[in-house]
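So you can see what is in the structure, the chains are spelled out below.
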Amino acid sequence: MKTAKKLTAARPPKKFVLKRMYKYRFLYLLAVPGFIYLIINNYMPMVGLILAFKNYSFAKGIFASPWCGLSNFSYLFSSKWAKIMFRNTICYNLAFIVLGTVLAIFVAIVLGEIRNARAKQFYQTVILIPHLVSMVLVGYLVYALLSYSNGFINKGILENLGMEGINWYTEPKYWPFILTIVHLWKGFGFQSIVFYATIIGFDKTYYEAAVVDGATIWQQITKITLPLLRPTVIMLTIMSLGRMFASDFGLFYQVPMNTGTLYTATTTIDTFVYRAMMEDHDVGRSLAAGFLQSILGFVVVMITNTVVRKVDSDSALF
Amino acid sequence: MAGKGKGFQIFSNIVMAVLAAGALLPFILLAVSSITSETTITKYGYSFIPRDVDFTAYRYLLMSGTKIIKAYGMTILVATIGTTANICMTMAVGYLLSKRDLPGRNLISFFIFFTMLFSGGMIPSYIVWSQQFHVSDKIFGLICPNLMMNAFNVILMRTYFTTNVPVELCEAAEMDSCSQVGILFHISIPLSKPMVSTLSLFAALAYWNDWINGQYYLIRNKDLYTIQNVLNAMQNNVQFLKEYASSSMGEFASSIPSLGVRMAIAVISIIPIMIAYPFFQKSFVRGIVIGGVKG
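Quick caveat, the model's predicted, so the values are computed rather than measured.

Our next topic: the interface of chain A and chain B. Each partner contributes to the interface: chain A provides 107 residues, whereas chain B provides 111 residues. Here chain A meets chain B over a buried area of about 10300 Å², counting both sides, of which 73% is carbon and sulfur. Our count for the contact surface shared by chain A and chain B stands at two salt bridges. One salt bridge connects Asp 101 of chain B with Lys 23 of chain A, and the closest N-O pair in it is separated by 3.8 Å. At the junction of chain A with chain B, the criterion picks out 27 residue pairs in polar contact (both at pLDDT 80 or more). Residue contributions to the side of chain A that touches chain B peak at 19 residues, all from helix H3 (residues 25–48) of chain A. Its residues assigned to classes, the side of chain A that touches chain B shows 78 nonpolar, 21 polar and eight charged.

The next thing to look at is a nonpolar patch on the surface. All names here are of chain A. Together, Ile 234, Val 299, Ile 303, Val 307 and Val 311 line one region of the surface with nonpolar side chains, adding up to about 370 Å² of accessible area. At four residues, helix H17 (residues 283–311) tops the list of elements feeding residues into the nonpolar patch. Position of Ile 303 among the secondary structure elements: in helix H17.

All names here are of chain B. Taking 1.5 Å per residue as the helical rise, helix H8 (residues 151–164) with its 14 residues ought to reach 20 Å, and the 20 Å between its terminal C-alpha atoms agrees with that figure. The element H8 is extensively covered by neighbouring structure, given that 11 of its 14 residues are classed as buried. Within H8 the residues assigned to the buried category are Ala 151, Asn 153, Val 154, Ile 155, Leu 156, Met 157, Arg 158, Thr 159, Tyr 160, Phe 161 and Thr 162. Two or three places before Phe 152, at the start of H8, stands the capping residue Asn 150, its side-chain oxygen 3.0 Å from that residue's backbone nitrogen.

What follows deals with the layout of surface pockets. Taken as a whole, the largest pocket encloses approximately 560 Å³ of empty space. In terms of lining, the largest pocket is formed by 22 residues, of which the most central are Tyr 253 and Tyr 274 of chain A together with Gln 215, Leu 218 and Tyr 225 of chain B. Contributing elements (two or more residues each) for the lining of the largest pocket: helix H16 (269–279) of chain A together with helix H12 (212–217), helix H13 (227–236) and helix H14 (238–244) of chain B. Considering only residue class, the lining of the largest pocket consists of 11 nonpolar, eight polar and three charged.

To continue, consider the packing of helix H7 (residues 117–127) of chain A against helix H11 (residues 175–200) of chain A. All names here are of chain A. Between H7 and H11, whose axes approach to 8 Å, the crossing angle comes to 135°. As the angle between them shows, H7 and H11 are arranged oblique. Of the residues in H11, those in contact with Lys 120, Gln 124 and Ile 127 of H7 are Phe 188, Gly 189, Ser 192, Ile 193 and Tyr 196. Taken together, the residues of the contact of H7 with H11 break down into four nonpolar, three polar and one charged.

The next subject is unusual backbone geometry. Residue and element names in this part refer to chain B. Non-glycine residue His 134 carries a positive phi angle of around 50°. Positionally, His 134 belongs in the loop between helix H6 (122–132) and helix H7 (140–143). Relative accessible area serves as the criterion here: at 45%, His 134 is assigned to the partly exposed category. Positioned with a positive phi, Ser 177 is a non-glycine residue whose angle comes to about 55°. For Ser 177, the position within the fold is in the loop between helix H9 (167–175) and helix H10 (180–191). Since its relative accessible area comes to 66%, Ser 177 is described here as exposed.

Bringing the environment of Val 142 of chain A into the picture now. Topologically, Val 142 of chain A is positioned in helix H9 (residues 135–146). For the pair Val 142 of chain A and Tyr 123 of chain A, spaced 19 residues apart in the sequence, the C-alpha separation amounts to 23 Å.

Now for helix H5 (residues 105–117) of chain B. An α-helix turns once per 3.6 residues; consequently, residues spaced three or four apart project the same way. Here H5 of chain B spans 19 Å end to end across 13 residues, near enough to the 18 Å set by a 1.5 Å rise per residue. Arg 105, Ile 108, Ser 109, Ile 112, Phe 113, Phe 114, Thr 115 and Leu 117 of chain B are the residues of H5 of chain B that are buried.

Another aspect to go through is empty space enclosed by the protein. Residues and elements named next belong to chain B. Considering all chains together, one arrives at three cavities of 30 Å³ or more under this definition. Space inside the second largest cavity adds up to approximately 50 Å³. Considering the residues around the second largest cavity, the lining is formed by Val 78, Leu 142, Tyr 207, Trp 208, Asp 210, Thr 226 and Asn 229. Its residues placed into classes, the lining of the second largest cavity shows four nonpolar, two polar and one charged.

Now for the confidence of the model for chain B. As a note on interpretation, predicted positions should not be read in detail where pLDDT is low. Residues and elements named next belong to chain B. Here chain B averages 88 in pLDDT, while 91% of its residues score no lower than 70. Mean pLDDT per element in chain B: H14 is the minimum at 65, and H7 is the maximum at 96. Reported confidences for the modelled complex are a pTM of 0.91 and an ipTM of 0.91.

Per the stated rule, a full pass over the model turns up 42 aromatic pairs over all chains. When the centroid spacing of 6.0 Å and the interplanar angle of 70° are considered together, the rings of Phe 298 of chain A and Phe 114 of chain B count as edge-to-face. Pair noted here: Phe 298 of chain A is in helix H17 and Phe 114 of chain B is in helix H5, and the two residues belong to different chains. Residue class for Phe 114 of chain B comes out buried when judged on its relative accessible area of 18%. The rings of Phe 35, Tyr 43 and Phe 298 of chain A together with Phe 110, Phe 111, Phe 114 and Phe 118 of chain B are connected pair by pair, giving a single aromatic cluster. The residue whose ring lies beneath Lys 80 of chain A is Trp 81 of chain A, and the NZ or CZ to ring-centre distance is 4.6 Å. The ring of Tyr 263 of chain A carries Arg 275 of chain A above its face, with NZ or CZ at 3.6 Å from the centroid.

Procedures and definitions
Residues numbered from 1 in each chain as written. Chains lettered and ligands numbered in written order. Predicted model: local features only at pLDDT ≥ 70, side-chain atom pairs only at ≥ 80, totals over all residues. Heavy atoms only, no water. Contact = heavy atoms within 4.5 Å. Buried area = accessible area lost by both parts, 1.4 Å probe. Salt bridge = Lys/Arg side-chain N within 4 Å of Asp/Glu carboxyl O. Polar contact = N/O pair within 3.5 Å; in protein donor to acceptor, adjacent residues only side chain to side chain. Helix = DSSP H or I, 4+ residues; strand = E, 2+ residues; numbered from the N terminus. Nonpolar A, V, L, I, M, F, W, Y, C, P; charged D, E, K, R; others polar. Patch = residues over 30% accessible without salt bridge, like charges linked within 9 Å, V, L, I, M, F, W, Y side chains within 5 Å. Areas by Shrake-Rupley, 256 points an atom, 1.4 Å probe, with all protein chains shown as cover. Expected span 1.5 Å × (residues − 1). Buried < 20%, exposed > 50% of the residue type's maximum accessible area, 1.4 Å probe, protein only. 1 Å grid on protein atoms, 1.4 Å probe; cavity = no way out; pocket = protein on both sides within 12 Å on 5 of 7 lines; lining within 4 Å. Points joined across faces, edges and corners; volume = space filled by probe spheres on them. Axes fitted to C-alpha atoms, helices over the stretch in contact; angles between N-to-C directions. Parallel < 35°, antiparallel > 145°, perpendicular 65-115°, else oblique. pLDDT = per-residue confidence, 0-100. Phe/Tyr/Trp six-rings, centres within 6.5 Å; stacked < 30°, edge-to-face > 60°. Lys NZ or Arg CZ within 6 Å of the ring centre and 35° of its normal.

Below, the structure is given as structure tokens:
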């Protein structure tokens, strides 16, 4: 993202603005569909956020709906779900960041140590497969494993061990673990490749010198690889923290199959907003929760960017 | 990087083999289940071991008529139109921003960039698309919302144009009275093929795997279901399987092999991606590295 800055740095002379505009007239024209798309898809919904302070009615539309002050918010916080969804969103994100990063660094280092080029290529290819498929499909995979009457875990493992099958889809207590595992399973290949690409970019002479000095592999990892990886890890972690209030709708909606008994463990802001709007027709709560998510998300991105700029100004977003 | 221990090589290979197996096993479970007979599934559950090989689920899908083919057609249609629109708009805006002496460049950059910082969220977006633009139950509902362009790709494209297309070359073309649009098509795009293909790939994958637009915007019109929407509907509603297939189908009239059919449809939905994967793997990895490290 260094480029955002270069852009402001190279400012051309102010003269002949009209002449240059004329020169590029067709390029502006070509870009117009893109601008219109962003206005519709991104800017109009931003305006739509004011609906959180309105009593929205589909018949009246965005502007004609009457204002209602903060009542949507007080209504939202009168629900027990307000606390649950914020807790879940934040806790899942923290768990995903910590575990995801540790696992990905581990995999990246191990992958980097493999010398057989074919094997390396093979592993790299295979661990990315989960990243290729949709969350709906992941829901099927999880179902094949966890279904009460037909799932592999109950029928293939627990039953053979002489244990009772577990009714996975009615017991919220298992789901923090299940969702974390599914998230790691789907994302570890992707994240590992990011770190792996960083590692293979390191200066080889450090390692050569270390080998000459008789360093073990463990010493090379702890004394060279990890310290060199630190800036990347810090950067990516801070950026993930910037998405603290966002959650993967597919993971939390599709993988637990939108099961009511699991809501205490699976409700995040995104699934709450969706269900309130589309299933319960509880528009006010949905809009209030969505508003908080957008604003908090923006605040967190601004804070993290300020932090990033302090840590490593080249990596800052702006 | 340059260890000499043989033990460590063995360790690394074992770890990676275990992880690779972990990544693959659920898919194997799915595939095996789809070719297992209904009675075996009921008795032994979904299993990695094919106790009997039985293609009833696939035969059922073949017999249930053109619906699955139609859903496939929709997926391909939506992905093709969407990806084309996406890459055209991304290139157009990215190219415009790559002109260093463009009047209004900072303003336009900010306009693009701000969408990465702040978003209205799902519901306002849903209200805009469904109430203002009436995309619900139309094919536009699958194509337009959220997937047609994003700021991050525009910035990647612009950066690629500025760093990989020599300014001198563009100036030389200008001297030869080549128009700015001509430079885009004859110089910039041919020189940016790797980036264009990577961004197209990611757009195509996003469309192929998208089910959220269908969930929001296809409320009554099930004829427009893509393969992901079919999977989604079937997961959330067992009845859908029965509605989906025609009612009178000879040997299946009494009982639908629903346990196997679900898995068979799931398998069918990923086969094209798995076949194509070896061909786009390089581009895919490059995209991950560019997006991950810079983003």
